[in-house]
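# What the coordinates show
The lines below spell out each chain.
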Amino acid sequence: MSGNPTLERIASGNGLALCATGSWTARFAPVLERMVADAEKLGGTRPNIVIDASRVSKLDTFGAWLIERLRRSLTQGGVEAQIAGLSANYSSLVDEVRRVKAEPIVETDRVTIAGMLEQIGRSVAGVGGTLIGLIEMLGAVLAAAGHVLIRPRGFRLTSTIHHLEQVCWRAVPIVVLITFLIGCIISQQGIFHFRKFGADIFVVDMLGVLVLREIGVLLVAIMVAGRSGSAYTAELGSMKMREEIDALRTMGFDPIEVLILPRMLALVLALPILAFLGAMAALYGGGLVAWLYGGVDPEAFLLRLRDAISIDHFIVGIIKAPVMAAVIGIVACVEGLAVQGSAESLGQHTTSSVVKGIFFVIVMDGVFAIFFASIGM
Amino acid sequence: MAGEISDAIIRVRDITVQFGKTRVLDGLNLDVKRGEILGFVGPSGAGKSVLTRTIIGLVPKIAGSIEVFGVDLDAASAAERRGVERRWGILFQQGALFSSLTVRQNIQFPVREYLKVSQRLLDEIMVAKLGMVGLRPEVADRYPSELSGGMIKRVALARALALDPELVFLDEPTSGLDPIGAGDFDELVRTLQRTLGLTVFMVTHDLDSLYTACDRIAVLGNGKIIAAGSIADMQASQHPWLRQYFHGKRARAVMG
């Protein structure tokens, strides 16, 4: 490896020779840049300056460009500057960089208050776009479903079963575990507070109503949005990035029918099943805690449960499940298809798929609550 | 077989690579001389890319040793390895540009990480590199997804050359380029080799590149180097695959 680069100044008559030595390579770029910046200040002090590169031991693009940059800025300062002593190999490199036009590139988009306000405005206006996008996707999925109903051969059973395994069967352990724990916690908290009034047994009412009507399905829907909604977005998004969806379309297949319908169907079937299993696990967990912690033995628990809840509670809960599944699926698919070419965009849309999915699930739950209250269920 | 070369920049000895039960490389030996352009050919699926990826450390080998710049990569410390990595540049087959960075950021990324230089110099070097690979500075603010296949190749080469490496690996650099672009590319590789003393390890199927750009050609088959030498040696070879490769219809067309 050759030595550190230097740039010596040697006066010759009324001119000046800048004598470059050592290795002018990327490794020494920071040093070189400082040296060249110093030498650039010589502009205007002498009528002519020669940059003598004959003692440069090694030169690469960085060095060549810095020599060329020095020549240019000296010339601009009214000095007659030239480069001398380049070996044949190196002079072709300098010729190469000589073609570089060095207009400073201005960075665009700076952060301003107006820009931030504009951003907010665009986001608000974007909400409308999101809703329209969701409705469009709902329409497209329903149309594809109709198409499949008329022509059942177009239905992709294998794909649907595959997705059902992914979103339902493989989700069972984690869903059951989490809902079981939530059931335990609700029951423990209930007993802890109800005991002050000597009303331990009412924990069964609370647990039953809460789990079957609200918490069971809501929690499971949120878990599914995080687990399967994100997977759908990532799958569809990376297929979009690699032009697989375009390829499908050019072969005469409808991506909605081939990719999205099986996924939607799998999700709509999976969520009620998971919600039911989740509710059972939560009740079991709650019952266990009521027995071990609250001293409510299983027989008393079941008797009380039978009195406290009716089939209505269960129906209210389970009816919400497929609707929430549809919302999660549609949000996930819209976001997946909105992915642009970059890895960053895939990440953004997956995040937004989960966030929007959970948001819409909770909104839907509110809408259902009002609806069931007004029909007296 | 390629004899011992004292000035080898890459020295591969008895490399064996296996995926499951398939043995892709089987006791392979290869030397690459400093300052040469080595063209690397072989049938599709013979393991050309695997060898490249093994040398740069992306595919684990089950036996053998690899020396690059005289450093044994298995024995090297993390710092030594980084030192080696800073001195080579790699052009992947699909470009492998960072999709969430612009062209400018892609090219500047290695420079920014390794050298403490001003933004101005970064921009100027970026423009110079773009010019070298035949692109206009206007593409600097585009994202990889907004580039054509050929442009991606060129930007990826510019990124591979960003730090002025001593050794570059090119995995099918001219595939996906139009013939004129491919010709320019060969020319560019030649110029860089002349001016920077670059060593080039080029996996290619482009006969034109083999004829015009490469100093030496190595042929991979059955997990070994079946032949290595000049283009004339290749044409004189009696190996059936080589005969087909260098005397087939397309080869005749290239030779005129």
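So, how was this worked out
Residues numbered from 1 in each chain as written. Chains lettered and ligands numbered in written order. Predicted model: local features only at pLDDT ≥ 70, side-chain atom pairs only at ≥ 80, totals over all residues. Pairing = 2+ DSSP bridges. Helix = DSSP H or I, 4+ residues; strand = E, 2+ residues; numbered from the N terminus. Right-handed = clockwise from strand over helix to strand, strands pointing away. Domains from an automatic or database assignment. Buried ≥ 20, exposed ≤ 12 C-beta atoms within 10 Å, placed from the backbone. Arc of directions from axis to C-beta. Axes fitted to C-alpha atoms, helices over the stretch in contact; angles between N-to-C directions. Left-handed = near helix turned anticlockwise from the far one by under 90°. Contact = placed C-beta atoms within 7 Å. Nonpolar A, V, L, I, M, F, W, Y, C, P; charged D, E, K, R; others polar.

On to the pairing of strand 3 (residues 48–59) of chain A. Residue and element names in this part refer to chain A. Two strands pair when backbone bridges link them, and strand 2 (residues 15–24) and strand 3 are joined in this way by eight bridges, in the parallel orientation. Paired with Ala 17 across the bridge in strand 3 is Val 50. Pairing analysis gives five bridges linking strand 3 to strand 4 (residues 80–84), with the strands arranged parallel. Note on strand 4: the bridge partner recorded for Ile 49 is Ala 81. Once the chain exits strand 3 it traverses helix 2 (residues 61–76) before rejoining the sheet at strand 4, and the crossover so formed is right-handed.

Our focus in this paragraph is the domain arrangement of chain A. Here chain A is described as being made up of domain 1 (6–98) and domain 2 (118–374). Centre-to-centre separation of domain 1 of chain A and domain 2 of chain A, based on C-alpha positions: 68 Å.

All names here are of chain B. Backbone geometry places Asp 164, a non-glycine residue, at a positive phi of 50°. As for its position among the elements, Asp 164 is in the loop between helix 5 (149–160) and strand 7 (167–171). A residue is classified by how many C-beta atoms lie within 10 Å of it, and Asp 164, with 23 of them, is buried. Despite not being glycine, Asn 222 has its phi angle at roughly 50°, a positive value. Considering the arrangement of structural elements, one finds Asn 222 in the loop between strand 9 (216–221) and strand 10 (224–229). Residue Asn 222 is classed as partly exposed on the basis of its C-beta count, with 15 C-beta atoms lying within 10 Å.

Here the focus is the domain arrangement of chain B. Interface extent is often summarised as the accessible area lost during association of the parts. As far as domains go, chain B holds domain 1 (1–87 + 168–251) and domain 2 (98–164). Its C-alpha centre places domain 1 of chain B at a distance of 25 Å from the equivalent point of domain 2 of chain B.

What follows covers helix 9 (residues 240–247) of chain B. All names here are of chain B. Here helix 9 has its buried residues at Leu 242, Tyr 245 and Phe 246. The arc that holds every buried residue of helix 9, seen down its axis, measures 80°, which confines them to one face. Turned more than 90 degrees from where helix 9 packs its buried face, Pro 240, Gln 244 and His 247 sit exposed.

This part takes up the packing of helix 7 (residues 202–241) of chain A against helix 12 (residues 343–374) of chain A. Residue and element names in this part refer to chain A. Running from N to C, helix 7 and helix 12 cross one another at 145°; their axes reach a closest spacing of 8 Å. Handedness of the crossing formed by helix 7 with helix 12: right-handed. Across the interface between the two elements, Leu 218, Ala 221, Ile 222, Ala 225, Gly 226, Gly 229, Ser 230, Thr 233, Ala 234, Gly 237, Ser 238 and Met 241 from helix 7 touch Leu 346, His 349, Thr 350, Ser 353, Val 354, Gly 357, Ile 358, Val 361 and Asp 365 from helix 12.

In this assembly, 26 residues from chain A lie in contact with 25 residues from chain B. Here the side of chain A that touches chain B takes six residues from helix 3 (residues 88–98) of chain A, the largest share from any one element. Taken together, the residues of the side of chain A that touches chain B sort by class into twelve nonpolar, seven polar and seven charged.

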